[in-house]
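Structural overview
The residues making up each chain are set out below.
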Amino acid sequence: DPGYFDHFPGNGGRKGRPARHSNHRLMETHGTPSQQDAWEHRRRTLLPAAARAARWGPAIAYMIGNWLVSGTPGDRIGPLPAPDWLLHGLAYFVFGLLLHFATGHKRLARVMAMAILASYAAVDEWHQSWVPGRTATLPDWLADVAGGGLALSLTGLRKGRARKALLSGGLLLALAALVASPAPGQPEAVQDGDASWVAAHRLLGEAESALAAGDLKLAEQTLARAAVPQSERSYRAFRRLMLQARIALAQGRPGDAVQPARSALELAVEDDRLDAQMVLAEALAASGSNPEALDALASAAEGAVILYRGDLRHEVLTRMAGLVGTITLEAPEARTRLLRYGRVLARFGRWQEGATLFSRPGWQEQEAAAASELARALGALGQRIRRLSVLQQALESGQRQGWPAGQLSPLRLQLAAEFQDALPARATALLEDVLREDPGTSAAGEALAALVRAAIDVGDFDTAAARIQKHGPAAAGTAGWRDALWALFAAAYSPPGTRDKRPGDLAAARRALDALAAGAARDPAVLYWQARLAWESEPRDGGAKPDGNSARVAALIRDLTASQPLSYYSVLAHERWPDLAPAPVPRPVSGAPAPAAESSGGPEESAVPSGILALKAQGLAREAARELLYLANGRSSSENAGPPGEARFPGLLFTLARWQLELGEFRAAGRTLNRLFGEQPDALVSPDARRQALVGLFPTPYEAAARAEAAARGMDPLIVLAVMREESSFEPLALSPSSAYGLMQIIEPTARWLAGREGMAIPDPAALYDPSLNIRLGTAYLRYLLDRYGELRVAAAAYHAGPGRVDRWLQAFGTTDAELFVERIPVAATRRYVQNVYRSYRVYQQLHGSGM
């Protein structure tokens, strides 16, 4: 072909001119004509294909990168400063631009690009559902499609199609706005005004529901819309922080849950502290901070709230046991934590576990405390010989090593208790060592009380008085010092006309009472017994009974009822001197307002912030009560909130107590009303206000069950309510340290014995949480004890401490004077319990009449 060579250099560009090089040389350099055709064909076909493939590179890279990012567990970078829907739309807007670059401008190419985008968005959402804490949602997919479609539409402004592109872009923007708008019934929380309280709590409730249902994506989105001012210290702020921590935990981000849980614990009021401690402990443990998690659980286990949340007891102890397995005794702080854990075990009667823990070697600076706790556990397990050996070895070791007196005192007190019967002289020497070496401490008070009771037990009041005189200065002002004086007074005093097991010593009793009065002049017990002794010592005219109208008695009773109007001793004073001591409960006044438990409103609500009232009006009663509780505890910075000292503060407490009663939160209402009586007594001057407060302080829940069970056994149902109030504060899930269950705190052995008498079976200890079963068994036990002892206060002592102990007390210091029997109870907790039950019973009688 003559033109073949025209394409090569050297021919001068003239067609048909022979090449300057020979054919042989050309073929050597460029190949044969057939090979040249093949190369040219490849160049014209492969290069454009490679260019087209290169345009797909960014889109493919985006798809791979997005797939990898969406598979990352949790939100590593934390909350982003934009709504989730907007972030989805922006991301796919970029993807749409990349797809346009890859596919081109043709209509078919755009359709293909849109199909690819929608399909990949669906696959991407499905992939995200694999990740803990994320779910595939239709709004997210729509936002993806809207963002990518908008990009493809805007690129269509070329080639005269601007109108159609703008129209389609507007439709896609409208779709994005629809995706962004809240769902029906989910209004955005506004930043101020009463509506913000309602909106925030509604959104928080929806977030909690989504979290409970496992929809973590929705929970997080809803929580983000619940607007709460950053500096606010309110219940909604606490609730938001708790939700933030719980969502982070559910998403597998425990590190992000720690700080919100800490902040929630700082805000928490009363029972909310337990929930915050549990969440904080879970976050710390999941993030690897086991020692701090153990501290948080120990705080929960040591608090009073857990006694009313029996459903949490097992969980707390199980989690603590799991954490303890990761802690060794090598570091001092670890030994301190394990000692704290061991004391928690002792609190809840887990003696065998405690004995195992404290038997481990390596306690070092905690050796004395560990030995004392081990001895407690061994004593509870009945291993007395080993207990004695542990105490003696620890005491001898401590004396050799020069331990401080504060570490030796618990060992000496425990050894003295062991030696009291067999070696009383050795016990006395140990107790005197405590008083000499550790004066002014609670241990010194315990030692003095033990010395005095040892002398009283043998009827030697002179020795008891001498010991108080000799060792009293070393224990003055302690609880043990008061117990020692009170034990001497109660044992030495024998009222006229009563029969005691042993003779008393009136002079010793008077000296003890005078010493108590010098140390605590306004103590209600001291005031009552001073008045009674003065009344009983009044001269009788011709043997007539004194009328009790002496100036001294009247002054003492006036002082007693003014300082402690609701105490056990004020009730006794009213029973003995009704003309001198007013009744704890005022008589109802004609036209008085409804009781606090039943009133639906009142003038005191004018002190409540309008935002909290809006919650109540919108049906969020529990949220309103919690917000008012935080406000009353000085935890709110709301503009409507005044300091507790303002005149309207009693109105807040009245309203809070009424709302709590309406919700069935009787223990919380009792705390609120006790606070009102203690901090704002001036608010209760009027009889109407006082009676309203007392109706709330002594409520009657479970009245129908109490009345039915009491009627079946011929009892006053008010006795059942009084016992229930003191045992559990009407909390059906109460569980005591000794594993007494429910409203009337029935232990399992007693429950099985009573069930046998009642002809029924107890399938499981947890069944004792059931109010009807618990009230039935508790009422049956009360009936048995009343029949056995014949007096409410003695029966109440047996209900609390057990009939065996009460039988021993009656044998040792029995008296026909019920008031004096109560004072002679050697266990302070039982003595207070009996006094509270009797006081509650008498107040119930004055509120409702005998037998309701």
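Residues numbered from 1 in each chain as written. Predicted model: local features only at pLDDT ≥ 70, side-chain atom pairs only at ≥ 80, totals over all residues. Heavy atoms only, no water.

**Quick look at the overall build of the protein chain**
The helix and strand inventory of the protein chain stands at 39 helices and two strands. Pairs at least 24 residues apart make up 64% of the contacts formed inside the protein chain by residues separated by at least 6 positions. (Helix = DSSP H or I, 4+ residues; strand = E, 2+ residues; numbered from the N terminus. Contact = heavy atoms within 4.5 Å.)

**Examining unusual backbone geometry**
The backbone phi angle of Glu 270 is positive, close to 50°, even though this residue is not glycine. By the secondary structure assignment, Glu 270 is in the loop between α10 (254-267) and α11 (272-286). Glu 270 gets classed as partly exposed once you look at its relative accessible area, which sits at 25%. At Gln 745, a position not held by glycine, the phi torsion is positive, near 55°. With respect to the helices and strands, Gln 745 occurs in the loop between β1 (740-741) and β2 (746-747). (Buried < 20%, exposed > 50% of the residue type's maximum accessible area, 1.4 Å probe, protein only.)

**Some details on the pattern of salt bridges**
The tally for this structure, following the rule as stated, stands at 44 salt bridges. Among the salt bridges present, the one from Glu 220 reaches Arg 253, with a minimum N-O distance of 3.8 Å. In this pair, Glu 220 is assigned in helix α8 (residues 216-225) and Arg 253 in the loop between α9 (235-250) and α10, connecting sequence segments 33 residues apart. Notably, a salt bridge pairs Glu 270 with Arg 671, separated by 2.7 Å at the nearest N-O pair. Placement of the pair is Glu 270 in the loop between α10 and α11 and Arg 671 in helix α30 (residues 666-679), with a sequence separation of 401 residues. (Salt bridge = Lys/Arg side-chain N within 4 Å of Asp/Glu carboxyl O.)

**Let's talk about the packing of helix α35 (residues 771-789) against helix α36 (residues 792-801)**
Running from amino to carboxyl end, α35 crosses α36 at an angle of 125°, the nearest separation of the two axes being 9 Å. Of the possible angle classes, the one that applies to α35 and α36 is oblique. Crossing geometry of α35 relative to α36 is assigned as right-handed. Of the residues in α36, those in contact with Gly 778, Tyr 781, Leu 782, Leu 785, Leu 786 and Tyr 789 of α35 are Leu 792, Val 794, Ala 795, Ala 798 and Tyr 799. Tallied by class, residues from the contact of α35 with α36 come to ten nonpolar, one polar and no charged. (Axes fitted to C-alpha atoms, helices over the stretch in contact; angles between N-to-C directions. Parallel < 35°, antiparallel > 145°, perpendicular 65-115°, else oblique. Left-handed = near helix turned anticlockwise from the far one by under 90°. Nonpolar A, V, L, I, M, F, W, Y, C, P; charged D, E, K, R; others polar.)

**Considering helix α28 (residues 621-632)**
Across its twelve residues, α28 extends 16 Å between first and last C-alpha, which sits within 8% of the 16 Å expected from 1.5 Å per residue. Of all the twelve residues making up α28, ten are buried; the element is thus mostly covered by neighbouring parts of the structure. By the burial criterion, the buried members of α28 are Glu 623, Ala 624, Ala 625, Arg 626, Glu 627, Leu 628, Leu 629, Tyr 630, Leu 631 and Ala 632. One or two steps after α28, the chain reaches Gly 634, where phi turns positive at roughly 70°. (Expected span 1.5 Å × (residues − 1).)

**Observations concerning the packing of helix α27 (residues 610-617) against α28**
A pair of packed helices is captured by two measures, namely the crossing angle of their axes and the spacing between those axes. Axis separation between α27 and α28 bottoms out at 7 Å; the angle between their running directions is 155°. As far as their axial angle goes, α28 and α27 are roughly antiparallel. For α27 against α28, the interelement crossing comes out left-handed. For the pair formed by α27 and α28, the contact residues are Ile 612, Leu 615 and Lys 616 on the first element and Ala 621, Glu 623, Ala 624, Glu 627, Leu 628 and Leu 631 on the second. Residues of the contact of α27 with α28, tallied by class, amount to six nonpolar, no polar and three charged.

**Quick word on the packing of aromatic side chains**
The tally for this structure, following the rule as stated, stands at 21 aromatic pairs. On the numbers, 5.2 Å between centres and 50° between planes, the contact of Trp 486 with Phe 489 is tilted. Of this pair, Trp 486 and Phe 489 both sit in helix α22 (residues 479-492), separated by three residues, roughly a single helical turn. With a relative accessible area of 0%, Phe 489 lands in the buried category. Between the aromatic rings of Tyr 741 and Tyr 769, the centroid separation amounts to 5.3 Å while the plane-to-plane angle is 65°, which identifies the pairing as edge-to-face. One end of the pair, Tyr 741, is in strand β1; the other, Tyr 769, is in the loop between α34 (748-758) and α35, and 28 residues separate them in sequence. (Phe/Tyr/Trp six-rings, centres within 6.5 Å; stacked < 30°, edge-to-face > 60°.)

**Let's talk about helix α14 (residues 332-347)**
One turn of an α-helix holds 3.6 residues; hence residues three or four places apart share an orientation. Spanning 16 residues, α14 covers 23 Å between terminal C-alpha atoms, matching the ideal 22 Å at 1.5 Å per step. Taken together, the buried positions of α14 are occupied by Ala 334, Arg 335, Arg 337, Leu 338, Leu 339, Tyr 341, Gly 342, Val 344, Leu 345 and Ala 346. The inward-facing, buried residues of α14 contact α12 (290-302), α13 (310-324), α15 (351-358) and α16 (367-380).

**Some remarks on the side chain of Asp 433**
Note that Asp 433 resides in helix α19 (residues 424-437). Here Asp 433 falls in the buried class, since its relative accessible area comes to 18%. When sequence neighbours within four positions are dropped, the list of residues in contact with Asp 433 reads Arg 412 and Asp 438.

**Notes on the environment of Leu 138**
Positionally, Leu 138 belongs in helix α5 (residues 138-154). The spacing of Leu 138 and Glu 125 is 13 residues in sequence and 8.8 Å in space, taken between C-alpha atoms.

**Digging into the confidence of the model for the protein chain**
Across the protein chain, the average pLDDT comes to 82, with 77% of residues at 70 or higher. Throughout residues 73-81 the model reports pLDDT below 50, and contacts reaching past four residues in sequence, or to other chains, amount to eleven contacts. Counting contacts from residues 179-192, a segment whose pLDDT is below 50, to residues more than four positions away or on other chains yields 26 contacts. (pLDDT = per-residue confidence, 0-100.)

**Brief notes about the environment of Arg 273**
Of note, Arg 273 is situated in helix α11. You can call Arg 273 partly exposed: its relative accessible area is 35%. The sequence separation of Arg 273 and Ala 300 amounts to 27 residues, and the corresponding C-alpha distance is 8.1 Å. If we skip the residues at most four places from it in the chain, Arg 273 touches Leu 265 and Ala 268.

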